[in-house]
Amino acid sequence: MTGAPVHDGEQVRPMGATAPRVPLLAMKQITKRFNAVEALVGVDFEVYAHEVVALVGDNGAGKSTLAQIVSGVLTPDSGIIELAGEPATIPNPSAAHAAGIATVFQDLALCDNLDVTANLFLGREATAGGSFLRDGEMEQTTKRILRDLNSPIPSVKTQLHALSGGQRQSVAIARTLIGNPRIVVLDEPTAALSVAQTAEVLTLIERLRELGLGVILISHNMVDVRAVSDRIEVLRHGRNNGSFDATTASYESILAAITGATSYIKGDRAY
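What you see is a predicted model, and the numbers here were worked out from it, not measured in a lab.

Conventions and cut-offs
Residues numbered from 1 in each chain as written. Predicted model: local features only at pLDDT ≥ 70, side-chain atom pairs only at ≥ 80, totals over all residues. Heavy atoms only, no water. Helix = DSSP H or I, 4+ residues; strand = E, 2+ residues; numbered from the N terminus. Contact = heavy atoms within 4.5 Å. Pairing = 2+ DSSP bridges. Axes fitted to C-alpha atoms, helices over the stretch in contact; angles between N-to-C directions. Buried < 20%, exposed > 50% of the residue type's maximum accessible area, 1.4 Å probe, protein only. Core = buried A, V, L, I, M, F, W, Y, C linked by side-chain atoms within 4.5 Å.

1. Concerning the side chain of T190
Working step 1: Tracing the sequence through the fold places T190 in the loop between β11 (183–187) and α6 (195–210).
Working step 2: Those residues within four positions of T190 in sequence are excluded, and the remaining contacts are T198, V201, L202 and D224.

2. What to know about the sheet that holds strand β4 (residues 37–47)
Working step 1: Read across the sheet, 4 strands follow the order β4-β3-β6-β7 without closing on themselves; strand pairing throughout is antiparallel. Every other strand in the sheet has two partners, leaving β4 and β7 (86–88) as the edge strands with one partner each. Neighbouring strand axes in the sheet, compared pairwise and without regard to direction, differ in orientation by 30° on average.
Working step 2: Here strand β6 (residues 78–83) runs beside β7; their pairing, made up of 3 bridges, is antiparallel. Looking across to β7, one finds that E82 is bridged to P87.
Working step 3: Against the sheet, helix α1 (residues 63–70) touches β3 (25–34), β4 and β6, its axis set at about 120° to β3.

3. A word on the pairing of strand β5 (residues 51–56)
Working step 1: Of all the 6 residues making up β5, 6 are buried; the element is thus mostly covered by neighbouring parts of the structure.
Working step 2: By the alternation rule, side chains of β5 split into E51, V53 and L55 and V52, A54 and V56, which are all buried.
Working step 3: Pairing of β5 with strand β12 (residues 214–218), which is carried by 5 bridges, proceeds in the parallel orientation. Along β12, the bridge assignment pairs V53 with I216.
Working step 4: Bridge analysis of β5 against strand β13 (residues 231–236) gives 4 bridges, and the strand direction is parallel. Bridged to V56 within β13 is V234.

4. So, the sheet that holds β11
Working step 1: Strand order in the open sheet formed by 6 strands is β8-β11-β12-β5-β13-β14, with mixed pairing between adjacent strands. In this open sheet, the two edge strands, each paired with only one partner strand, are β8 (101–104) and β14 (239–245). Going from strand to strand, the sheet's axes swing by 20° on average, the running direction of each strand aside.
Working step 2: In the sheet, β8 pairs with β11 via 4 bridges, with the strands oriented parallel. Pairing of I101 across the sheet is with I183, part of β11.
Working step 3: Across the sheet, helix α8 (residues 251–259) is in contact with β5, β13 and β14; its angle to β13 comes to roughly 25°.

5. Quick look at the nonpolar core
Working step 1: One finds L149, L186, I205 and L208 to be the most contacted residues of the largest nonpolar core, which totals 33 residues.
Working step 2: Of all the elements in the fold, those that place two or more residues in this core are α3 (116–120), α4 (135–148), α5 (165–176), β11, α6 and β12.
Working step 3: Excluding residues that lie within four positions of it along the chain, I205 makes contacts with V52, L186, P189, V215, L217 and V228.
Working step 4: Of all hydrophobic cores here, the second largest spans 27 residues; its members include L40, V47, V53 and A99.

By themselves, these observations are geometric and do not establish any function.
Printed below as a string of structure tokens:
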């Protein structure tokens, strides 16, 4: 028995049918030029909830440019951006934050002379009456976020200079959760980390996925990428050059797309 139809907006779907899955972020035909340099040309990209999408490519492939557009640092020359299926613009980082997009760039933007709690709330301190800091409330929120992430930080009162590289990256990732984001962009989060510290960060990325976020992971490390990603998107010379299931794709096929040994067929054009 199918039952009565269900009205979904202006569409009618059969009783019991599942609604189509809508990406948290969809970017269509994104183009960005810097004078005569084509940084991105007609790039398509999307990420869903509970998904880690790796963005890979050689130096100059356009990864950082695309991440900066997602983060509101740059605006595209053309193309469409949709958030949860709705057309959107991301004119600046404040707009990105308001839209639920958080970014951890390689420099981390942390202060060594402050403790973990102060770094999480840096620039967004909770105040009472506009002048007094609500220290206890901020500490409890920090503890909750670190607990949710299963982060190996010994104490929220530990100063940053006393933490390892992996723990500092943990603080930077935890800081993104202050604003309850839907999408987190991580730019080379395991660069210059030891094997043990890298494992800590990869565990945090998996935890972000479990919490329901969409994660965009930019990395040159294919071992890390294949360890935590659901999908791998390859950029080459500012263009899409391959989309792979991270669980089944071979290292050779991904490397071939990165280096240009294989081309990417999109519609009736080869790239």
